[in-house]
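# Topology and contacts: notes
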Amino acid sequence: MDCLFCRIVSSEIPATVVYEDKNSLAFLDHRPLFAGHTLLVPREHVETLGELSPSLVEPYFKAAQLLARAVESGLDAEGTFVAMNNRVSQSVPHLHVHVVPRRRKDALKGFFWPRTKYKSDEEMEIIRQKISAKIKQVEN
């Protein structure tokens, strides 16, 4: 098993576990953005959200919601940043949700992404149409 997170789930590699249920496991990130930065992984190995079994989507996101509430209240944070990468910028190819405690003026301004604007309303409409068309294909 080469997957780091699968090795953590199987207890082959130790981790500082903060939550577990039959479908998922949450542990402290060993290189946190801030103390309390937690990763939630499904026990089943899947690389992306699109590969997560439909029957696991609801319990996985309920666990993410629970974890976000616990990180915020347990660490007296003013909020949380909850994020997921799918392939690009995914340092471990195993689905995971980051839950990061946030405080005003914590220097995580806009996270790391530059914001842009659409060139025109027409460009925005073309993008909307492409996504909407794919939603119809994926649903069927």
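Residues numbered from 1 in each chain as written. Predicted model: local features only at pLDDT ≥ 70, side-chain atom pairs only at ≥ 80, totals over all residues. Heavy atoms only, no water.

### What to know about the environment of Glu 72
Note the threshold: In DSSP terms, a helix is any run of H or I states spanning at least four residues, a strand is any run of E spanning at least two, and both are numbered starting from the N terminus.
Tracing the sequence through the fold places Glu 72 in helix 2 (residues 54-74). It is 8.6 Å that separates the C-alpha atoms of Glu 72 and Val 100, two residues lying 28 residues apart in sequence.

### Quick notes on the sheet that holds strand 3 (residues 38-42)
Definition in use: DSSP calls a pair of strands paired once it identifies at least 2 bridges connecting them. Lines fitted to C-alpha atoms define the axes here, with helix axes fitted over just the stretch in contact, and angles between the N-to-C directions of these axes take values from 0 to 180 degrees. In what follows, a contact means two residues having at least one pair of non-hydrogen atoms within 4.5 Å.
Taking strand neighbours across the sheet as the criterion, the 5 strands line up as 1-2-3-5-4 in an open arrangement whose pairing is antiparallel. Looking at which strands have only one partner, the edges of the open sheet turn out to be strand 1 (17-20) and strand 4 (79-83). Strand-to-strand twist across the sheet, computed as the mean angle between neighbouring axes with direction ignored, equals 20°. Across 3 bridges, the pairing between strand 1 and strand 2 (residues 24-28) is antiparallel. Note on strand 2: the bridge partner recorded for Glu 20 is Leu 25. Helix-sheet contacts for helix 2 involve strand 1, strand 2, strand 3, strand 4 and strand 5 (97-102), and the interaxial angle to strand 3 is about 165°.

### Comments concerning unusual backbone geometry
Its identity is not glycine, yet Ser 11 carries a phi of approximately 70°, on the positive side. Structurally, Ser 11 is set in the loop between helix 1 (4-9) and strand 1. Its identity as a non-glycine residue notwithstanding, Arg 87 has a phi of 70°, on the positive side. Mapped onto the elements, Arg 87 comes out in the loop between strand 4 and strand 5.

### Quick notes on the environment of Glu 44
Let me state the cut-off plainly: Only protein chains enter the area calculation, which uses a 1.4 Å probe; residues under 20% of their type maximum are buried, those over 50% are exposed, and those in between are partly exposed.
Examined against the element boundaries, Glu 44 turns out to sit in the loop between strand 3 and helix 2. What makes Glu 44 partly exposed here is its relative accessible area of 37%. Separated by 12 residues in sequence, Glu 44 and Leu 56 have C-alpha atoms that sit 9.6 Å apart.

### Structural notes on the side chain of His 37
We count it as follows: The definition of a polar contact used here is a pair of N or O atoms within 3.5 Å, where within protein one atom must be able to donate a hydrogen and the other to accept one, and adjacent residues in sequence count solely through side-chain atom pairs.
One can find His 37 in the loop between strand 2 and strand 3. A polar contact of 3.0 Å, which involves the side chain of His 37, links it to the backbone nitrogen of Leu 33. Among the polar contacts made by the side chain of His 37, one reaches the side chain of His 98 at a distance of 2.8 Å.

### Some points on the pairing of strand 2
Of all 5 residues in strand 2, 4 are buried; the element is thus mostly enclosed. Where strand 1 hands over to strand 2, the hairpin turn is made up of 3 residues, counted between the paired strands. As defined by bridge partners, strand 2 adjoins strand 3 across 5 bridges and the pair is classed as antiparallel. By the bridge assignment for strand 3, Leu 28 is matched with Thr 38.

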